[in-house]
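Tertiary structure, described
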Amino acid sequence: MEKFIDLSTVPGVTLGFFGAPPYTPQEYLNAHNNRIAIQDEIDTAYNQGYTKVSFKKCELTLGYELTVDSAFAGNGADLINLRSNTEYDFGFSKIEMMFDSANKSPYHTTVNNFTNPYQLNGRVITSKGANNVILRNLEIKGDIFFRSFANTNEKNEEQTYAFDFGTLSNNVRVFDCDFYGFMGDAFSSRGPSAEDNVLADIGTYYPGYFNGSSVIAKAGCYVTNLIDIDLVKEAANNRYSPGVVQVRRMGGVDRTPMLANPMFELVFFTAAGAMISRDLYTPFDLIKLPRNAAKVRMQIFNEVDGQASITHGMYSLHLNIPNQRHVEIRDCKIHDNHRGGISNMPDDCIIHYNEIYNNGLDSGIGAPLFPGTTRYQINIEDIYSANVTIENNKLYAGYHGILIGSETIKIHNNQLSNTGGIVIFRCSSAVIANNKVSANGGILPPFNLFDGNGTRGNIRSIAVYGNKFESGDIMIDLSASKLINTEIRIENNEFYGRRIYLIDGGDNISFVNNVLYFSNNGTAGASYSTLSNIRNIHGNRLITRWPAFNAPNNVRLYFNGYVEGSNNKIDNCRLYWGDAFAGAADPFLPVIKGFNFVKCTFTGLLADNIVSAVLNVTYEDCSFEDTELYPPITTAATFTNALSFKNCRFNISESYAPAGGGMIFFRELNNYTAGKDYILNMDNVEINNKKSAIPKLLWWQYNFRTYRIKVNANNVKATGMGDFLANINSTGVRS
């Protein structure tokens, strides 16, 4: 049943825009009356049983109202509250938010907190307490266009929003809307609140384990006291899924539970204290309250023994009415907002087919920038969601792209340009597929693992495939704590980057069938990329493109530690040993396995700050086509420098013209004393030379007359190399 509303005929409504400040008392009153009238129409339609409300296209003005004198930021009023089981079609109407930075609104009555006129805040539309709602065809112009920013602190404000997925609301969808010019975001969600959602505060855990009848000692186990469940609040507020609850965190960045073991146990009791049931759960599970349940205990495991108690403070867990869920944003324009576009979404959220641009910048009017770094087009961080899907959106011309923390993440088929890339904050499972990320405008790379830990103790799985990442830096860093419990598969992607980092993945990262093009893109100075401590790197092709206006050595690929795999190809690249061992006396023992080097130069000239006295570089299952190799250099007074080849092949064409005069170039700084040994180990090696002027197998420079060079050759086949053992630059070598 549909109701049609023409606001021009509704008593108390004043149509039209009030423009720039200052405003008269009557204009403030008119904006307030507009709010009251629209809400009355919405409430009346709901009470009369209408399931669709359609507004005739119009233009009108609203103003924020802040009357609750609380120290909590963002306590301004929700101006329009949608109701359950209703579709709202505003017929492409436009709402404009009036704002005066210098003069206080008569509906801004706080006297202790947020008293400055520019601190007036609020949300234009909320779905608080509403289920099964659709909003479509509405344009809202935010307050930033009327702010003066005369006070330098005004740029810090971030508490005005177009739409709020309010607490206790579910199955809310927004289609074909245009929201812009807000100090916070166009879309946001406040998440669970103690006032609306919390049924039991889990609070403090004490040593022990409840075995069904009593609490006993058990290593690593802690259990709460009996806690009452607020059944009155559950009955009053849990209208979408009565009797269903959830364990969530209330405060702290990202809202992830601070538990060593992601599984915990809930034990439910009657009001008299008789146990009803017990079972294991994980955060975000939907839990059916047992019949007659009135009290609960929570047990956690694998924590550090010997603590008198465990209290997580603002990170503590609560038994809640479930978080908002099943929301959708589709075919909307989200742009020119001060801090960001979309933030802190509910569970089971789908963001698709939207155009999101120019968020976190100057709103197109030269406004001063928000001072924080959380200026993302999409930023789901402060509320850790259960499931988020971001697909088929266009994001461009913003400060940052996407930062997301959710139990499960799907980011598919999006286009991001000049806006920063995709940052995985925290998760248990993520799939990043078939996106194009190019021309980054922000400070973060096209793809980045910002924090490797999911919810504490969880195993995390990330799949990245079929994407095209262009420009900027590609950062995949699993070092230190970022490696904990993380498995990542990066397959069939194209990377076009100034710098590409694959760092400390160990056995946890699989890098397969990717193509990497990297150069300095004309940027002044050198461009350094790194491969470090990775074992599963297979079937990739790495290609460097040297701009004509830059010397080749300005595009460099560093190898640190071990880099092992199979069937990888590196083209036209200048390669270096990284400086991970700089200043360290430990042996320098890198391993490269499974690479085909084509027209490359592998040099150690930049690693002059290595001080180890033992260097042994090992190539295994590698091939070298028209490639020149330099072992790394050390500053140690005496050393042993070994270069080892196992199951390798050298192919030399007629066009091969090594700068050093040979295939393996032992180059030394010219100010060192004698006492250095060079060792060449070759085991099952094939050398095929087609160059008429036979190149030297070994070549060196500077003070080698007093150095020792030893060649250990086992099962070496040399074709077209003449006398293999004699084919070295041997003048003046001592032995």
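Here, every reference points to the structure presented above.
So, how was this worked out
- Residues numbered from 1 in each chain as written.
- Predicted model: local features only at pLDDT ≥ 70, side-chain atom pairs only at ≥ 80, totals over all residues.
- Heavy atoms only, no water.
- Helix = DSSP H or I, 4+ residues; strand = E, 2+ residues; numbered from the N terminus.
- Polar contact = N/O pair within 3.5 Å; in protein donor to acceptor, adjacent residues only side chain to side chain.
- Contact = heavy atoms within 4.5 Å.
- Core = buried A, V, L, I, M, F, W, Y, C linked by side-chain atoms within 4.5 Å.
- Buried < 20%, exposed > 50% of the residue type's maximum accessible area, 1.4 Å probe, protein only.
- Pairing = 2+ DSSP bridges.

Tracing the backbone through its elements, the reader meets serine 406 in strand S32 (residues 400-412). Of the polar contacts made by the side chain of serine 406, one reaches the backbone nitrogen of asparagine 387; its length is 3.3 Å. One polar contact links the side chain of serine 406 to the main-chain carbonyl oxygen of threonine 408, over a distance of 2.9 Å. Every residue in contact with serine 406, bar those within four places of it in the chain, is listed here: Tyr384, Ser385, Ala386, Asn387, Val388, Arg426, Cys427 and Ser428.

Let's shift gears to the nonpolar core. Ranked by internal contacts, the top residues of the largest apolar core, which has 122 residues, are Leu135, Phe179, Phe187, Phe559, Phe597, Tyr619 and Phe645. Ranked by the residues each element gives to this core, the list is headed by helix H1 (residues 25-47), at six residues. Look past the residues within four positions of phenylalanine 645 in its chain and what remains in contact with it is Tyr619, Phe624, Leu629, Phe650, Ile664, Leu680, Asn681, Met682, Asp683 and Val685. Counting residues in each nonpolar core, the second largest holds 25 residues, with Tyr205, Ile227, Val296 and Ile310 among its members.

The next point concerns the sheet that holds strand S24 (residues 317-320). One open sheet accounts for four strands, arranged S12-S24-S18-S21; its pairing is antiparallel. The outermost strands of the open sheet, each flanked by one partner alone, are strand S12 (198-201) and strand S21 (287-288). Bridge count between S12 and S24: three bridges; the pairing is antiparallel. Pairing of alanine 200 across the sheet is with leucine 319, part of S24.

Now for the side chain of serine 623. Among the structural elements, serine 623 can be located in strand S51 (residues 623-625). Sequence-distant contacts of serine 623, defined by excluding residues within four places in its chain, comprise Phe595, Asn596, Phe597 and Arg649.

Attention now moves to the environment of asparagine 131. Locating asparagine 131 in the fold gives a position in strand S7 (residues 131-141). Take asparagine 131: its relative accessible area is 7%, and that puts it in the buried class. Along the chain, asparagine 131 and tyrosine 240 lie 109 residues apart, while their C-alpha atoms are 6.8 Å from each other. Excluding residues within four positions of it along the chain, asparagine 131 makes contact with Ser84, Asn85, Leu168, Ser169, Asn170, Asn171, Arg239 and Tyr240.

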